[in-house]
Amino acid sequence: MSSGNCDVLILGGGMVGLSIAHQLLQRGITSSITILDKEPELGLHSSGRNSGVLHAGLYYKPGSIKAQVCVEGARRLRSWVQERGLPLNPCGKVIVPPRAELDAQLDVLAERGKANGAEVEFWDADQLQDLVPEARTASGRALWSPNTAVVKPISVVRRLRQELTDRGVKMLQGLQGFKARPEQQQLALSDGTELTYGHLFNCTGLQADRVAKAFGTGDQYTLLPFKGLYWQLKANCPFQPRTNIYPVPDLSVPFLGVHFTPSADTTPVVSIGPTATVAFGRENYRGLEAVEPGMAAANIGVLARQYLTNRGGFRRYVHEQAFLALPPLLIRAAQEVIPAVKPEHIELSQKVGIRSQLFNRTTERLQDDFLCLPGPCSTHVLNAISPAFTASFALADLIIDLAVPELNLG
Ligand SMILES: Cc1cc2nc3c(=O)[nH]c(=O)nc-3n(C[C@H](O)[C@H](O)[C@H](O)COP(=O)(O)OP(=O)(O)OC[C@H]3O[C@@H](n4cnc5c(N)ncnc54)[C@H](O)[C@@H]3O)c2cc1C
């Protein structure tokens, strides 16, 4: 049996885990870091399957963790990407109300954005027509976010992994399953290796609630995975928007509605989505792959109760977003922001992701903010949904700061 010791063991080599390692090195806290990921390659889950939008910080309630880390995180990740010459599309984003009664939500977003340190600008219908002629506003106003950008998420993950290994971070990949021994600060891996750590960060995304429970924390949370399917504009579609176009979102649920996003490729591909439909398993990306019948049945029960009680305005989500995987409904939602879109303009994209959305059984609500729960010599990062990719470097600092009194290194 082999064994290993490290100051910090990070479970999960997605953007959150990699960023914690990066910030531990940058801040000179420790270089004795091991990252353990169950997959043979990194980026197979959310960090390699997202829209790649570096969000500007407009959506998040001031005071929330999301609000604290999004603007700063986006600024730092954008510089990091630019310094390395990785693909980046500095295309900005416009938010339009699909119905006139949603106009007041633009003011809410502008207020939140300003409070969070983001730049925003109101446009009238003429400005929208000049600058983004494909888009439509139902109220005569639109909100422009100049600092929103788009990156290629997988290129960010791969480059960050490479730099960390070059700086001595140990990567253990493709090891499925472990036994946690929190009282001994030890993990027994499936290949017989025993890893002893000073502090453990659980950054396992879609599995983070399960892993947290193995450390005796986060009992009141359960994962409600929501799948994001994407379509894209065909290359011969007569219009190809050059900026992100988003509808005003329903701020009571953590989904942003069907939007148009140009990629960071040399010839940008415009994706439409992602949808937010219930997934039947944490990693149920396609068809019946990785279906978890017990979990799916329990989650359908939770969703039915949410619908009946309409907690947090849940019915509106069901009516407007739950069935957008059906092409006629997707087209209708897409036409609310770009009226010229027709079924013949779009095709299904290969891209699909699943959000690690938590449901709080105690409050019976979807968890909105990121959660950092303490455990024995460990920190558990749950609900690392959007904008955790954008915010990753700043979020990593916040997570490290919460753990510092515990880190007790050297
Ligand atoms: C459809 C979609 C679109 C999105 N769009 C955006 C966007 O435009 N902008 C944005 O900022 N955010 C976006 N997000 C959110 C963003 O992708 C996530 O917030 C971010 O990637 C979370 O990173 P993570 O490291 O927590 O999780 P992950 O990337 O899922 O990484 C977790 C890692 O843990 C590993 N793991 C799991 N279980 C174990 C275990 N037991 N042992 C060891 N390893 C384990 C997995 O293999 C994986 O590599 C989107 C998400 C989705 C699903």
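Residue positions are counted from 1 within each chain, in the order its sequence is given. Reporting in this predicted model follows two pLDDT cut-offs: at least 70 for local features of residues, and 80 or more for side-chain atom pairs to be given and counted; totals over whole chains, interfaces and linings ignore these cut-offs and use all residues. Side-chain figures throughout are based on the complete set of non-hydrogen atoms in the structure, without hydrogens or water.

1. Topic: the site of the ligand
Lining the immediate environment of the ligand, one finds 34 residues, of which Asp37, Ser47, Val53, Ala384 and Thr390 sit closest. Any pair of N or O atoms that falls within 3.5 Å is considered a polar contact. Within protein, one atom must be able to donate a hydrogen and the other to accept it, and sequence-neighbouring residues count only if both atoms are side-chain atoms. At 3.1 Å, a backbone N or O of Ile385 approaches an oxygen atom of the ligand. Here an oxygen atom of the ligand sits 2.6 Å away from a polar atom, N or O, in the side chain of Thr390. Strands are runs of DSSP state E lasting at least 2 residues, helices are runs of H or I lasting at least 4, and numbering of each runs from the N terminus. For the shell around the ligand, the secondary structure elements donating two or more residues are α1 (15-26), β2 (33-37), β19 (346-355) and α10 (388-407). Within the shell around the ligand, the residues separate by chemical class into 14 nonpolar, 16 polar and four charged. Each domain's extent was defined by an automatic or database domain assignment. Shared between two domains, the shell around the ligand holds at least three residues of each, these being domain 1 (3-47 + 154-221 + 368-407) and domain 2 (53-151 + 226-276 + 321-355). We call a residue near a molecule or strand whenever a single non-hydrogen atom of that residue lies within 4 Å of it. For this classification, the nonpolar set comprises Ala, Val, Leu, Ile, Met, Phe, Trp, Tyr, Cys and Pro, the charged set comprises Asp, Glu, Lys and Arg, and every other residue, Gly included, is treated as polar.

2. Remarks on the side chain of Asn116
The residue Asn116 is located in helix α3 (residues 103-116) in this model. In this scheme, a residue with accessible area under 20% of its type's maximum is buried, one over 50% is exposed, and one in between is partly exposed, where area comes from a 1.4 Å probe on protein chains only. On the accessibility criterion, Asn116 (11% relative accessible area) is buried. For this analysis, residues touch if any pair of their heavy atoms sits within 4.5 Å. Other than its neighbours up to four places away in sequence, Asn116 contacts Gly57, Tyr60, Pro62, Ala67 and Val71.

3. Details of the domain arrangement of the protein chain
When the parts of a complex come together, some accessible area is lost, and that lost area is often taken as the interface size. For the protein chain, the assigned domains are domain 1 (3-47 + 154-221 + 368-407) and domain 2 (53-151 + 226-276 + 321-355). A straight line from the C-alpha centre of domain 1 to that of domain 2 covers 30 Å. Contacts between the two partners involve 25 residues from domain 1 and, on the opposite side, 24 residues from domain 2. By definition, the buried area sums, over both parts, the 1.4 Å-probe accessible area that each loses when the two are put together. For the pairing of domain 1 and domain 2, the buried interface totals around 2,200 Å² over both sides, and the portion due to carbon and sulfur atoms is 67%. Residues Asp397 and Arg76 are paired through a salt bridge, measuring 2.8 Å at the closest nitrogen-oxygen approach. The interface formed by domain 1 and domain 2 includes nine residue pairs in polar contact (both at pLDDT 80 or more). Of all the secondary structure elements, the ones that give two or more residues to the side of domain 1 that touches domain 2 are α1, α5 (153-166) and α10. Within this document, salt bridges are pairs made up of a side-chain nitrogen of Lys or Arg and a carboxyl oxygen of Asp or Glu, the two lying within 4 Å of each other.

4. Things to note about the sheet that holds strand β13 (residues 221-223)
In a beta sheet, neighbouring strands pair by backbone hydrogen bonds and run either parallel or antiparallel. For two strands to count as paired, DSSP must find a minimum of two bridges between them. If you trace the three strands from one edge of the open sheet to the other, you get β13-β20-β21, paired in antiparallel fashion. Of all strands in the sheet, those bounded by a partner on one side alone are β13 and β21 (365-366). Bridge count between β13 and strand β20 (residues 358-360): three bridges; the pairing is antiparallel. Within the sheet, the bridge partner assigned to Tyr221 lies in β20 and is Asn360.

5. A word on the packing of aromatic side chains
A pair of aromatic rings is counted whenever rings of Phe, Tyr or Trp (Trp by its six-membered ring) have centres within 6.5 Å, and the orientation is called stacked for planes under 30 degrees apart, edge-to-face for over 60 and tilted otherwise. For the structure shown, the criterion picks out four aromatic pairs. Ring centres of Trp123 and Trp144 lie 4.8 Å apart, and the angle between their planes is 15 degrees; this geometry places the pair in the stacked category. In this pair, Trp123 sits in strand β6 (residues 121-124) while Trp144 sits in strand β7 (residues 141-145), placing the two residues 21 residues apart along the sequence. Across the pair, Trp144 and Trp123 agree in class, each one buried. Note that Arg49 overlies the ring of Tyr285, its terminal NZ or CZ placed 3.6 Å from the centroid. In this analysis the charged atom, NZ for Lys or CZ for Arg, is taken to sit over a ring once it is within 6 Å of the ring centre and within 35 degrees of the ring normal. Above the ring of Tyr246, the side-chain terminus of Lys93 is found at 3.8 Å from the ring centroid.

6. Here's the deal with the layout of surface pockets
Here a cavity denotes grid points, spaced 1 Å and computed from the protein atoms alone, that fit a 1.4 Å probe unable to get out, and a pocket denotes an open set having protein on both sides within 12 Å along at least 5 of 7 lines; residues with an atom within 4 Å of a point are the lining. Grid points are joined across faces, edges and corners, and a volume is the space filled by probe spheres set on the points. Estimated volume of the second largest pocket: approximately 400 Å³. For the second largest pocket, the lining is made up of 23 residues, of which Arg99, Glu320, Leu324, Ala333 and Glu336 are closest to its centre. For the lining of the second largest pocket, the secondary-structure elements that each account for two or more residues are α8 (314-320) and α9 (327-335). By residue number, the principal contributor to the lining of the second largest pocket is α8, which donates four residues. For the lining of the second largest pocket, the per-class residue count stands at 14 nonpolar, three polar and six charged.

7. So, the sheet that holds strand β8 (residues 149-151)
Here three strands make up an open sheet; going across it, the order is β3-β8-β4 and the pairing antiparallel. Edge strands, defined here as strands with exactly one partner in the open sheet, are β3 (53-54) and β4 (88-89).

8. Looking at α5
Working note: α-helix, 3.6 residues per turn, so residues spaced by three or four point in the same direction. By this rule, a helix spans an expected 1.5 Å times one less than how many residues it contains. Here α5 spans 20 Å end to end across 14 residues, near enough to the 20 Å set by a 1.5 Å rise per residue. All of the buried residues in α5 are Pro153, Ser155, Val156, Val157, Leu160, Glu163 and Leu164. Directly after α5, the chain includes Gly168, whose backbone phi takes a positive value near 100 degrees.

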